Amino acid sequence: MLSRKGLVPDDYLLTRLAEDVQQPKFKGKARKARFVAKNGTCNVAHTNIREQGRFLQDVFTTLVDLKWLHTLIIFTMSFLCSWLLFAMAWWLIAFAHGDLDQKSDDFVPCVTDIHSFSSAFLFSIEVQVTIGFGGRMVTEECLSAIVVLIIQNIVGLLINAIMLGCIFMKTAQANRRAETLIFSKHAVISIRNNRLCFMIRLGDLRKSMIISATVRMQVVRRSTTPEGEVVPLDQIDIHMDNPVGTNGIFLVAPLIICHIINKDSPLYELSPADLQKNDIEVIVVLEGVVETTGITTQARTSYLSEEILWGQRFVPTITEEEGTYAVDYSKFGNAIRVPTPSCSAKKLDEDGGIARFKLHEHSTPRPSVRRRIKRQSTISPLA
């Protein structure tokens, strides 16, 4: 598989392989816990749930959400218990009718060839899974036997439908498709189209497409309302730059998702220093319909303050080779440094915007140029 460790570069993040993600180790100030892990799992523990019976009202979803070991145990026990239950019913019918101790040759039993509980258990299996070896069969002597036969067939069909449907849904879960949806390990902030922008890169390793793919971003941070209420997980939507006015994307090749940091952005007042001091988390959610199965899938990741690189941009990954577009995934997460204001977007707008910054950049010699001028000024004219 492409989504296994060692077969894909380390420059991007697989959304579902938690073992491939090394959490950063912080020194000094303790950082806040992630709300969404890098692999997309939500770091939320539900405690003190009193109404546990609500989970039993939706048994199918509960079975699908269980671990594979628990599901297989329930799958096996459901069949074993039904076989044993109806084996007991068949044995009681045979015992009540006297089939277990029949002696005369003209005696007509309710079920032929049932002499013990073992034979009743084997007959129960034959009825429910419709094996029909031919040695045992229900006669028309007992009405109770015919009723039990009908009930066991109906119960067997229900168990087959529920358990096989559960196994199918677990194998076809949408999060399996998300293993090949990848995000860059870092986000970047730099100038794009004369605006200060927050950018991430995402891609799809499979050739089958994600139909109607949409991307949403949120900033999660601790905030306090004017009334003094503390909101530990304040979720603020981030609007993305899209010329058609929606968040829909055509995910055939890796794309750079861009958010313009303007007055409506929660990042508007943050400078590089403020970004490292504030405990913020940017959550990215990619949703779409799997082309091959028609199931809606979702991939998630998040970026903490130290995972946002200020003054960098992603390098191109797509080249045209012999009439086709080739994607080099070894460059997926690579970023290069570019001239970027070291102030917040708010401060940049107050100082004249990007045009003022570019004018100042062109008028200020680069460090290499300044060193060359300094060396030339130290050379004696007689030399």
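For every chain, the first residue of the written sequence is number 1, and numbering continues from 1 along that sequence. Local features in this predicted model are restricted to residues of pLDDT 70 or higher, and side-chain atom pairs are both shown and tallied only at a pLDDT of 80 or more, whereas totals for entire chains, interfaces and linings draw on every residue. Excluding hydrogens and water, the side-chain figures rest on all heavy atoms present in the structure.

- You'll find the chain entered in an unreviewed UniProt entry as ATP-sensitive inward rectifier potassium channel 11, with Salvelinus namaycush given as the organism.
- UniProt positions are given in the numbering used here, feature names are shortened, and annotations may be inferred rather than shown by experiment. As stated in UniProt under Catalytic activity (unreviewed entry), the record for the chain gives "K(+)(in) = K(+)(out)".
- You can read under Sequence similarities (unreviewed entry) in the UniProt record for the chain the words "Belongs to the inward rectifier-type potassium channel (TC 1.A.2.1) family. KCNJ11 subfamily."

Focus on the packing of helix 4 (residues 117-128) against helix 5 (residues 143-171)
Helix packing geometry: the angle between the two helix axes and the distance between the axes.
Here's step 1: Put simply, helix 4 and helix 5 touch, their axes get as near as 9 Å, and they point 60 degrees apart. In terms of crossing hand, the pair formed by helix 4 and helix 5 is right-handed. For the pair helix 4 and helix 5, contact is made by S124, V127 and Q128 and by L149, Q152, N153, G156 and I159, respectively.
Here's step 2: Classification used: nonpolar for Ala, Val, Leu, Ile, Met, Phe, Trp, Tyr, Cys and Pro, charged for Asp, Glu, Lys and Arg, polar for all others including Gly. Here the residues of the contact of helix 4 with helix 5 are counted per class, giving three nonpolar, five polar and no charged. Note on definitions: angles span 0 to 180 degrees between N-to-C directions of axes, and those axes are lines fitted to C-alpha atoms, for helices only across the stretch in contact. For helices the rule is a DSSP run of H or I covering at least 4 residues; for strands it is a run of E covering at least 2, with both sets numbered from the N terminus onward. Crossings are sorted by hand: turned counterclockwise from the far helix by less than a right angle, the near helix makes the crossing left-handed, and turned clockwise it makes it right-handed. Contacts: residue pairs with any heavy atoms within 4.5 Å of one another.

Quick look at the environment of S344
Here's step 1: Within the fold, S344 resides in the loop between strand 15 (335-337) and helix 8 (345-350).
Here's step 2: Separated by 69 residues in the primary sequence, S344 and L275 place their C-alpha atoms 9.5 Å from one another.
Here's step 3: With near-sequence residues (within four places) excluded, S344 lies in contact with Y268, E269, L270 and S271.
Here's step 4: Polar contacts involving the side chain of S344 include one to the main-chain amide nitrogen of K347, which spans 3.2 Å. Nitrogen and oxygen atoms within 3.5 Å of one another constitute a polar contact, given that in protein one can donate a hydrogen and the other can accept it, and given that sequence-neighbouring residues count only through two side-chain atoms.

Overview of the pattern of salt bridges
Here's step 1: One side-chain nitrogen of Lys or Arg within 4 Å of one carboxyl oxygen of Asp or Glu is enough to make a salt bridge. Per the counting criterion, the structure on display carries five salt bridges.
Here's step 2: As a salt-bridge pair, K38 and E307 come within 3.6 Å of each other at their nearest N and O atoms. Here the residue K38 occupies a position in the loop between strand 1 (12-14) and helix 1 (53-56), and E307 occupies one in the loop between strand 10 (296-304) and strand 11 (308-310), the gap between them amounting to 269 residues. Both residues of the pair, K38 and E307, count as buried. Partly exposed describes any residue whose relative accessible area lies between the buried limit of under 20% and the exposed limit of over 50%, with all areas from a 1.4 Å probe on protein chains only and scaled to the type maximum.

Let's talk about unusual backbone geometry
Here's step 1: The phi torsion at N194 lies on the positive side, around 65 degrees, for a residue other than glycine.
Here's step 2: Looking at the secondary structure, you find N194 in the loop between strand 3 (187-192) and strand 4 (195-204).
Here's step 3: Of note, the phi angle at S212 is positive, near 55 degrees, even though the residue is not glycine.
Here's step 4: Tracing the backbone shows S212 in strand 5 (residues 210-224).
Here's step 5: Of the residues examined, S212 reaches a relative accessible area of 58% and is grouped as exposed.

Quick look at the packing of aromatic side chains
Here's step 1: Think of it this way: a Phe, Tyr or Trp ring, Trp meaning its six-membered ring, pairs with another when their centres are within 6.5 Å, and the plane angle makes it stacked under 30 degrees, edge-to-face over 60, tilted otherwise. A complete count under the given rule lists five aromatic pairs for this structure.
Here's step 2: Seen from their ring centres, F79 and W83 are 6.0 Å apart, and the 45 degrees between their planes marks the pair as tilted. One end of the pair is F79 and the other is W83, both in helix 3 (residues 68-97) and four residues apart, which spans about a single turn. Residue F79 shares its accessibility class with W83, and that shared class is buried.
Here's step 3: Measuring from centroid to centroid gives 6.1 Å for Y329 and F332, while their planes differ by 25 degrees, and the two rings are stacked.

Some points on a nonpolar patch on the surface
Here's step 1: Note on patches: the residues involved have over 30% relative accessible area and no salt bridge, like charges join within 9 Å, and the nonpolar side chains Val, Leu, Ile, Met, Phe, Trp and Tyr join within 5 Å. Note on areas: these come from Shrake-Rupley sampling with a 1.4 Å probe, and a residue is covered only by the protein chains present in the view. A contiguous nonpolar surface patch, about 630 Å² in accessible area, is contributed by L143, I146, V147, I150, I151, I154 and L158.
Here's step 2: Assignment of secondary structure puts I146 in helix 5.
Here's step 3: What makes I146 partly exposed here is its relative accessible area of 32%.

Some remarks on the pairing of strand 5
Here's step 1: Two strands pair when backbone bridges link them, and strand 5 and strand 9 (residues 280-290) are joined in this way by ten bridges, in the antiparallel orientation. Across the sheet, the residue bridging to M217 is V284, located in strand 9.
Here's step 2: As paired strands, strand 5 and strand 7 (residues 248-249) are joined by two bridges and run antiparallel to one another. For A213, the partnering residue across the bridge sits in strand 7 and is I249.
Here's step 3: Only strands joined by at least two bridges in the DSSP assignment are considered to pair. Relative to strand 6 (residues 230-238), strand 5 is paired through seven bridges, and the arrangement is antiparallel. Bridge assignment links V219 to a residue of strand 6, and that residue is I236.
Here's step 4: The hairpin turn running from strand 5 into strand 6, its antiparallel successor, is five residues long, and G228 in that turn takes a positive phi close to 95 degrees.

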